[in-house]
Structures are given as structure tokens and as C-alpha cells.
Amino acid sequence: MLCDAKRQGPVNLRYDDDRLREECGVFGVFGHPDAAALTALGLHALQHRGQEACGIVAYDGKQFHSERRMGLVGDNFSRASVIERLKGHAAIGHNRYSTCGDAVLRNVQPLFADIDTGGFAVAHNGNLTNALTLRQELISTGAICQSTSDTEVVLHLLSRSKKRRIVERFVEAIREVEGAYAFVGLTNDMLIGARDPVGIRPLVLGRLGQAYVLASETCALDMVGAEFVREIDNGEVVVITEDGIESHRPFPMRPSRPCIFEYIYFARPDSVIGGRTVYDIRKQMGVQLAHEAPAEVDVIVPIPDSGVPAAIGFAQESGVPFELGIIRNHYVGRTFIEPEQRIRALGVKLKHSANASVIRGKRIVLVDDSVVRGTTSKKIVQLMYEAGAREVHMRIASPPITHPDYYGIDTPDKVDLLAANKDLEGMRQFLGADSLAFLSVDGIYRAVGFDARDARAPQFTDHCFTGEYPTPLTDQSGQTVPRQLSLLAEVG
Ligand SMILES: O=P(O)(O)OC[C@H]1O[C@H](OP(=O)(O)OP(=O)(O)O)[C@H](O)[C@@H]1O
Ligand SMILES: NC(=O)CC[C@H](N)C(=O)O
Ligand SMILES: [Mg+2]
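Since the structure is predicted, the reported quantities are computational estimates derived from the model, not experimental observations.

Caption draft 1: Here's a closer look at the sheet that holds strand S16 (residues 299-302). With respect to topology, 4 strands assemble into an open sheet ordered S16-S19-S20-S21, the strand pairing being parallel. On the outer flanks of this sheet lie S16 and strand S21 (435-438), each paired with one strand and no other. Averaged over all adjacent pairs, the angle separating strand axes in this sheet is 20 degrees, with direction ignored. As defined by bridge partners, strand S20 (residues 391-396) adjoins S21 across 4 bridges and the pair is classed as parallel. What sits directly across from Ile396, in S21, is Phe438. Each of S20 and S21 is contacted by helix H14 (residues 424-431), which is oriented at about 125 degrees to S21, the strand it contacts most.

Caption draft 2: Representation of helix H1 (residues 35-45). Within H1, 11 of the 11 residues are buried, which leaves the element mostly enclosed by the surrounding structure. Those residues of H1 that fall on the buried side of the exposure criterion are Ala35, Ala36, Ala37, Leu38, Thr39, Ala40, Leu41, Gly42, Leu43, His44 and Ala45.

Caption draft 3: Spatial organisation of the domain arrangement of the protein chain. For the protein chain, the assigned domains are domain 1 (5-257) and domain 2 (277-463). Here domain 1 and domain 2 have C-alpha centroids that lie 32 Å from each other.

Caption draft 4: Structural view of the site of ligand 2. The environment of ligand 2 is made up of 17 residues, and the closest members are Cys24, Ser98, Thr99, Asn125 and Gly408. Tallying contributions element by element places strand S6 (residues 118-128) first for the shell around ligand 2, with 4 residues. Tallied by class, the residues present in the shell around ligand 2 amount to 3 nonpolar, 11 polar and 3 charged.

Caption draft 5: View of unusual backbone geometry. A cis amide bond links Gln109 to the next residue, Pro110, at an omega of 0 degrees. Its location among the elements puts Pro110 in the loop between strand S4 (90-96) and strand S5 (111-115). Omega for the peptide link from Pro304 to Asp305 comes to -5 degrees, which places this bond in the cis form. In this structure, Asp305 sits in the loop between S16 and helix H10 (308-318).

Caption draft 6: Quick peek at the UniProt feature "active site" (unreviewed entry) in the protein chain. Sequence positions flagged by UniProt for "active site" (unreviewed entry) are, in local numbering, Cys24. Position of Cys24 among the secondary structure elements: in the segment before strand S1 (25-30). Given 28 C-beta atoms within a 10 Å radius, Cys24 is considered buried. Contacts of Cys24, omitting those with residues within four sequence positions, involve Arg49, Gly50, His94, Asn95, Arg96, Tyr97, His124, Asn125 and Gly408.

Caption draft 7: Looking closely at the sheet that holds strand S2 (residues 53-59). Strand order in the open sheet formed by 7 strands is S3-S2-S4-S1-S10-S9-S11, and the pairing between neighbours is antiparallel. Single-partner strands in this sheet number two, and they are strand S3 (64-70) and strand S11 (227-231). Across the sheet, the mean angle separating the axes of adjacent strands is 15 degrees when strand polarity is ignored. Across the sheet, H1 touches S1, S2, S4 and strand S10 (211-215), and the angle it forms with S4 is around 25 degrees.

Caption draft 8: Highlighting the pairing of S4. Counting buried positions over the 7 residues of S4 gives 7, a clear majority of the element. The pairing of S1 with S4 spans 6 bridges and is classified as antiparallel. Following the sheet pairing, Phe27 is matched in S4 by Gly93. Inspection of the sheet shows S2 paired to S4 by 7 bridges, in the antiparallel sense.

Caption draft 9: Focus on the pairing of strand S8 (residues 191-195). Most of S8 is tucked away, with 5 of its 5 residues classed as buried. Taking every second residue as pointing to the same face, both faces of S8 are buried, with Leu191, Gly193 and Arg195 on one and Ile192 and Ala194 on the other. The pairing of strand S7 (residues 179-186) with S8 spans 5 bridges and is classified as antiparallel. Opposite Phe183, over in S8, you have Ala194 as the bridge partner. Count of turn residues in the S7/S8 antiparallel hairpin: 4 residues. Inspection of the sheet shows S8 paired to strand S12 (residues 237-241) by 4 bridges, in the antiparallel sense. Across the sheet, Gly193 pairs through a bridge with Val238, a residue of S12.

The rules behind each value
Per-chain numbering applies: the sequence of each chain, read as written, is numbered from 1 onward. For naming, the first written chain is A and the first written ligand is 1, with later ones following in the order written. In keeping with the predicted nature of the model, local features appear solely for residues at pLDDT of at least 70, side-chain atom pairs appear and are counted solely at 80 or more, and the whole-chain, interface and lining totals rest on all residues. Two strands make a pair as long as DSSP finds a minimum of two bridges between them. Secondary structure elements are taken from DSSP: a helix is a run of H or I of four residues or more, a strand is a run of E of two residues or more, and numbering for both begins at the N terminus. To define axes, lines are fitted to C-alpha atoms, for helices over the stretch in contact only, and angles between the resulting N-to-C directions are given on a 0 to 180 degree scale. Note on contacts: residues are paired as contacts if their backbone-placed C-beta atoms lie within 7 Å. Burial in this document is a count-based property: other C-beta atoms within 10 Å of a residue's C-beta are tallied, and the residue is buried at 20 or more, exposed at 12 or fewer, or partly exposed in between, with C-beta positions derived from the backbone. Where each domain begins and ends is defined by an automated method or by a domain database. The rule is simple: place the C-beta atom from the backbone, and if it lies within 6 Å of a molecule or strand, the residue is near it. Polar here means any residue outside two lists: the nonpolar Ala, Val, Leu, Ile, Met, Phe, Trp, Tyr, Cys and Pro, and the charged Asp, Glu, Lys and Arg; Gly therefore counts as polar. UniProt positions are given in the numbering used here, feature names are shortened, and annotations may be inferred rather than shown by experiment.

Structure below.
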């Protein structure tokens, strides 16, 4: 989004457009003969975090082997012949949703560089908010960038470092970058994992026999049969070698502020964060919502998929029957991420159909996890009326999204965010519902286990609702204007 050049200047300066994207998934394994196969399985479990492209880099003791492809993991890494080419006892992998740089092959991760200490492959979940500024400095002193991805600056920075050891070089590089990152890196003899100083994006450590595993979410550890060891701390760098694991803390200690949206929408419900399943937390969001905004209705209807756990919580708390009033087509993915509004609207139509038999003549509450542009909710309210609902009430299990994200989610600019442009009544009218309510900010914190948001030291990164960004936004300040990012036109 730094690269969300729409915010930064005239059209010919753009190297990325303003697409609505979400996250990425990272995975790494060290010390296992089937490293690439495990990585493919891990990426499979993390597919919900990125569906645009995927890649694996493995190291066999002599050479690195890389496969980077556009599309889904199942379509690209299911054949034995592909996995057999990725030889080695160590591997890292990535599922991509681009936040910076187009969806073209040269931006697909893991990115790889030959530096004078050997090879270095890196996979990144997050978005660097000073990458554009750094990139310009690098280019002006002779760097030749191979991609338009924010992640690439890390490779340049560590390659230029004068430090001797690769870990020191990596630490020096990440001290230069701002924003959000969960990195996994692979060198000739180590697997590295790192989280940014406030821990915006997640990263967990697992153990599989003698091997170590790093992954964005615990659902990927479960997939490969690894046992959960712990979350990587905010600001921590872990280094895994044949001798075991060591931990470095290169930043001053400060409280963590993970992204609240992991709980609301991104993470898979069976993943565990902070000792609780995301499913349980989403259900609690529904419970809180039922307290804050009850409704006199006959049926609670979830908006699949992400709205389902909150709707269960809402129904259980209010004692109103829960019915699948919307049937989801499983061959349509997450519509939040579709690049164009025209396609997104069609996607929503394809994805959801009314189950008229449980709706007709009824007063219903629709429960969803979030409203971004309002495309989903508007379409579904209409669908419910067409199916014969008597009253349609909307309940959203998170607060109104009023501010853009710059940390890897890639919500749109303010101009496209429904809640940034309309008040509650304006939104209700736009959606066409009989009533509309959102969960409060404190309600979200209560669902996650706190009494309330601590205004002086917020426990989460919640800028989408509050406008409080936990890191500098150097590129977004408007002072960096890219001269030229890439002249190379590519097709995905
Ligand atoms: O207001 P909008 O711009 O329509 O975006 C909000 C919708 O997008 C997400 O669903 P998505 O279809 O991406 O994924 P899901 O199947 O996991 O719910 C989210 O769960 C909301 O339903
Ligand atoms: N969504 C993400 O985490 C994206 C990672 C990185 N910024 C990219 O665009 O490739
Ligand atoms: Mg949804």
C-alpha cells in the first residue's frame, strides 16, 4: 500500500493500483527430509491468507531450488514431479496477496538473492511503510531492483550490510524497515523467523520430531502434524540451525500490538492465538453484539463464511433460532479480495443464494464479521427481501471501518470505505436494512478477553476502527514521490 501510488501522485508514477487485498501466509521448515512436501501442505492450510500466487524455495546443502507460480497451492504444488525438484532438508514457502507490486511472477515470493555470504530467500507477510523511500535511496546508489515488491528492499539492505554474520546483516536490515512483517528467511545453514517490533502480523513456532517449523498460523502446524511450541514474540528474531534454536531481541522491549483483524476475519477459525481458538473469540464477538444491539426477530442468519461463528454466538446469547438462510457456493473464494468492484459485486451474487424456506415471512437478523465497501451486505439484504423476509436487520461483529490499512490487509482508500463516508443512518439506508448496528471497539476487546481498550496503551493494532497507527507511515506522508518504479510491463 505504500506502493498504493494512487495516494501519491499522477498516473505515470504508479506501479501498483488500488486493489482490495488481504494478507499473506508464510511457512518454513528446517531439518526434515521432506521439507518441500511439508511446506506445500503448510501452504495449503494457509491458502485463505493469499490466493494470488504461491512459491517454495528449498535448500539441499549445495543449491537452492525455487518454484514460484501464479494461482493456488493445490493447482501448483500437488504433483510429485514438482515437489521432487525442490530437494533439501530445509524450505520456506509463501502464499501471496499483493499489497505492494502487481500480481506478476517477478513479485511472487519467496524472493531470492545471491549475496556474498551465500544464498538468501525471504518470504514476507505484512507491508513495509517506508519501502518506497528506501527503494529510492537504494536505486539512487546503484541498486538494480528485480521486482516492485516492498519485500525486496530487505534483500538489498542485508546484501549491503558490512556486518560479517548473516544474522547481524539481517538484523541491520530489519532495523531500517518500518511497518508490519512476519518474515521467514532461508540461508545455506539456517532458517530465520522475525516479527516486527509490535508484532502486527502473526508467526508461530512448531516442532516435528527433530525438525522445526515456522508458520503464520497454528492450523498449518496441525496440517503437518507438528506440535505447537510458542508464538514468536514481537520484535523477536529466531535462528534455527543444526545446533538448535536461538532467539535474538534486537529492538527495545515494548508491549505487543497484534492486528485485531486476524481475530475478526483473516485467521482460520481453528487456529489458536494467545491460547484460544479464533472460532471461540468470533463467537464471543457475537455474544457481545447480542448484548449491545439485541433485536426482536424470529431467526438469526449468518453471512458465510466468516460471519458464521459470530452468528452462532449471537443466536446462543439471544435465544433465537439459528438457521442457514444463506447457502454459500463453495466454488467462489473470498470476495473481499476481488480486484474490481464490478467483479466483486458479481462474485457476491454468485457466492450467496437465499434459502427461502427458512426466511419467508420471517423477521431476520443477518450477522457478518465486517463491512468494508458494503458490497456483500447490500446484496444480501436485497436477496433476503426477494426471498420473502418480512424484516431484515443487520448486525456486524466489528466496529465500522473508517481508516485504511497499510500493514498487509489492503483495505481500500477512505473514499471506498462505507463507514468513512456515511454515518450509521446513511449506511443503513445504503444497505436497505430495517436496522443496522456494529459492535463497539470495547466490545471487540471484551470478546478477546480484556475489560476494555486501554486508550493509553492499546492492546491491539486497531487503526481500521480508530485511525491510530502503531508505526510511522513514512511513504504515506506524501513526501515520497516515486520518480519511476518500473518501465517493465508484464502479464501475470
Ligand atoms: O463490505 P464488503 O466490501 O463486501 O466486504 C466485507 C465482506 O468481505 C468479507 O467476506 P469474504 O467474501 O471476503 O470472505 P468470507 O467468505 O471468509 O466471509 C467479510 O467477511 C464480509 O462478508
Ligand atoms: N499481504 C501481504 O502480506 C503482502 C506481502 C508483500 N507486501 C507483498 O506485496 O508481496
Ligand atoms: Mg464474508
